[in-house]
Amino acid sequence: MSFLRPKYITFDCYGTLTNFKTAALTRELFADRVPAERMDQFVKDYAAYRLDQVMGDWLPYDVILKTALARTCKRWGIEYRDEGQLYYDAVPTWGPHADVPAGLAKIAGKIPLVIFSNAMDEQIMSNVDKLGAPFNKVFTAQQAQAYKPRLAAFEFMLDNLNCGPEDVLHVSSSFRYDLMSAHDMKIKHKAFVARGHEQSAHAAFGYHQISDIGGLPGLVGL
């Protein structure tokens, strides 16, 4: 088996490393307004509106969450009670998926680890500190003034790492936010973490699939 030898391993944070509990929080907050049998669709619609919001010019992340949620409520014809701030405040409290600390520990110190997150600077380090491994760099959408999946976000990351797309292995549990754009940026080495919130994509995107971060060391021979 041939192993990947990247200069950097770059990661999405929320969902891939941090257990992003937006769906669970949505189910809790909207239980009084959305019937249980329709809740799955409401959660999906909120996710779709969050994606739509980050495709435009940069706005603070709390504005992204609030606007996306208000649009979802309007579409569903239900009351919006400014719950968006509750999501924003909850994000820094969330810790990693159970597999993350041990998986990262096998790589840390051998290959530099990097995060690019759709986050604000005031949020992200609380999440990073809970991951249990040192990161060489942590970049945010606030710094880039662009959210993934916009290519400008990836351009910012590569420019600040002073490297080319051939130098990184990008790791994410999302094709729509990360791996499709990484493909467009000519990032050849990609790892899809099959967390279950997105299905595998067409093989033409050229990626390695792993079930969790515990499978990552094997890709790089560690």
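Preceding this paragraph is the structure being described.
The structure presented is a predicted model; accordingly, all values stated were derived computationally and were not measured. (Residues numbered from 1 in each chain as written. Predicted model: local features only at pLDDT ≥ 70, side-chain atom pairs only at ≥ 80, totals over all residues. Heavy atoms only, no water.)

**Thoughts on the overall build of the protein chain**
Now for step 1: Tallying secondary structure elements over the protein chain gives 10 helices and 6 strands in all.
Now for step 2: Whereas a compact globule of 222 residues would reach a radius of gyration of roughly 17 Å, the protein chain reaches 17 Å, a difference of no more than 12%.
Now for step 3: When its C-alpha atoms are laid out on the principal axes, the protein chain stretches across 55 × 35 × 30 Å.
Now for step 4: Residues classed as buried in the protein chain amount to 53% of the 222 residues present.
Now for step 5: When contacts within the protein chain are restricted to residue pairs at least 6 apart in sequence, long-range pairs at least 24 apart make up 63% of them.
Now for step 6: Split by element, the accessible area of the protein chain, about 10100 Å² in all, is 51% carbon and sulfur.
Now for step 7: Each charge class in the protein chain was averaged separately, 24 positive and 25 negative side chains, and the resulting centres sit 5 Å apart. (Helix = DSSP H or I, 4+ residues; strand = E, 2+ residues; numbered from the N terminus. Rg over C-alpha atoms; globule rule 2.2 N^0.38 Å. Buried < 20%, exposed > 50% of the residue type's maximum accessible area, 1.4 Å probe, protein only. Contact = heavy atoms within 4.5 Å. Areas by Shrake-Rupley, 256 points an atom, 1.4 Å probe, with all protein chains shown as cover. Lys, Arg positive; Asp, Glu negative; His and termini not counted. Charge placed at Lys NZ, Arg CZ, Asp CG, Glu CD.)

**Looking at the pattern of salt bridges**
Now for step 1: Under the counting rule described, the total for this entry stands at 12 salt bridges.
Now for step 2: The partner of Asp-167 in a salt bridge is Lys-7, and the shortest N-O contact between them spans 3.9 Å. A residue pair is termed long-range when its members are at least 10 positions apart, and Asp-167 in the loop between helix H8 (151–161) and strand S4 (168–172) and Lys-7 in the segment before strand S1 (8–11) qualify at 160 residues.
Now for step 3: The class for Lys-7 is exposed, based on a relative accessible area of 52%.
Now for step 4: Where Asp-178 meets Lys-148, a salt bridge forms, and the shortest distance between an N and an O atom there is 3.0 Å. In this pair, Asp-178 is assigned in helix H9 (residues 175–184) and Lys-148 in the loop between helix H7 (141–144) and H8, connecting sequence segments 30 residues apart. Accessibility assignment for this pair places Asp-178 and Lys-148 in one class, buried.
Now for step 5: It is possible to trace a salt-bridge network through shared partners that takes in Asp-32, Arg-33, Glu-79, Arg-81 and Glu-83. (Salt bridge = Lys/Arg side-chain N within 4 Å of Asp/Glu carboxyl O.)

**Focus: the packing of helix H1 (residues 22–29) against helix H2 (residues 39–53)**
Now for step 1: Close contact between H1 and H2 brings their axes to 10 Å; oriented N to C, the two are set at 125°. Here H1 lies oblique to H2, going by the angle between them. Note on packing geometry: the crossing formed by H1 with H2 is right-handed. Packed against H1, whose contacting residues are Thr-22, Ala-23, Thr-26 and Arg-27, the element H2 presents Met-39, Asp-40, Phe-42, Val-43, Tyr-46 and Arg-50 at the interface.
Now for step 2: In terms of residue class, the contact of H1 with H2 is made up of 5 nonpolar, 2 polar and 3 charged. (Axes fitted to C-alpha atoms, helices over the stretch in contact; angles between N-to-C directions. Parallel < 35°, antiparallel > 145°, perpendicular 65-115°, else oblique. Left-handed = near helix turned anticlockwise from the far one by under 90°. Nonpolar A, V, L, I, M, F, W, Y, C, P; charged D, E, K, R; others polar.)

**Digging into the state of the cysteines**
What we call a disulfide is simply a covalent bond connecting the sulfur atoms of a pair of cysteines.
Now for step 1: Under the defined criterion, the tally for this structure stands at 0 disulfides.
Now for step 2: No disulfide involves Cys-13; its sulfur sits 19 Å from that of Cys-163, the nearest cysteine.
Now for step 3: Look at Cys-13 and you get buried, because its relative accessible area is 0%.
Now for step 4: Using a relative accessible area of 16% as the deciding quantity, one classes Cys-163 as buried. (Disulfide = S-S within 2.5 Å.)

**Notes on helix H3 (residues 61–76)**
Now for step 1: Across its 16 residues, H3 extends 23 Å between first and last C-alpha, which sits within 8% of the 22 Å expected from 1.5 Å per residue.
Now for step 2: Where H3 is concerned, the buried positions are Tyr-61, Asp-62, Ile-64, Leu-65, Ala-68, Leu-69, Thr-72, Cys-73 and Trp-76. Buried residues in H3, looked at end-on, bunch into an arc of 160°, giving them a common side.
Now for step 3: Those residues of H3 that are buried lie in contact with H2, helix H4 (84–90) and helix H6 (121–129). (Expected span 1.5 Å × (residues − 1). Arc of directions from axis to C-beta.)

**Looking at H6**
Now for step 1: All of the buried residues along H6 are Gln-123, Ile-124, Asn-127 and Val-128. Relative to the axis of H6, the buried residues are bounded by an arc of 125° and lie together on one face. H6 presents Glu-122 and Asp-129 as exposed residues on the side facing more than 90 degrees away from its buried surface.
Now for step 2: Of the surrounding elements, those touching the buried residues of H6 are H3, H4, strand S2 (113–117) and strand S3 (137–140).

**Comments concerning the nonpolar core**
Now for step 1: Ranked by internal contacts, the top residues of the largest apolar core, which has 57 residues, are Ile-9, Phe-11, Phe-30, Phe-135 and Leu-216.
Now for step 2: When residues of this core are assigned to their parent elements, the largest contribution, 7 residues, is made by H3.
Now for step 3: Residues within four places of Phe-135 in sequence aside, it is in contact with Phe-11, Leu-17, Leu-104, Leu-113, Val-114, Ile-115 and Val-128. (Core = buried A, V, L, I, M, F, W, Y, C linked by side-chain atoms within 4.5 Å.)

Just distances and angles here, no functional claims.
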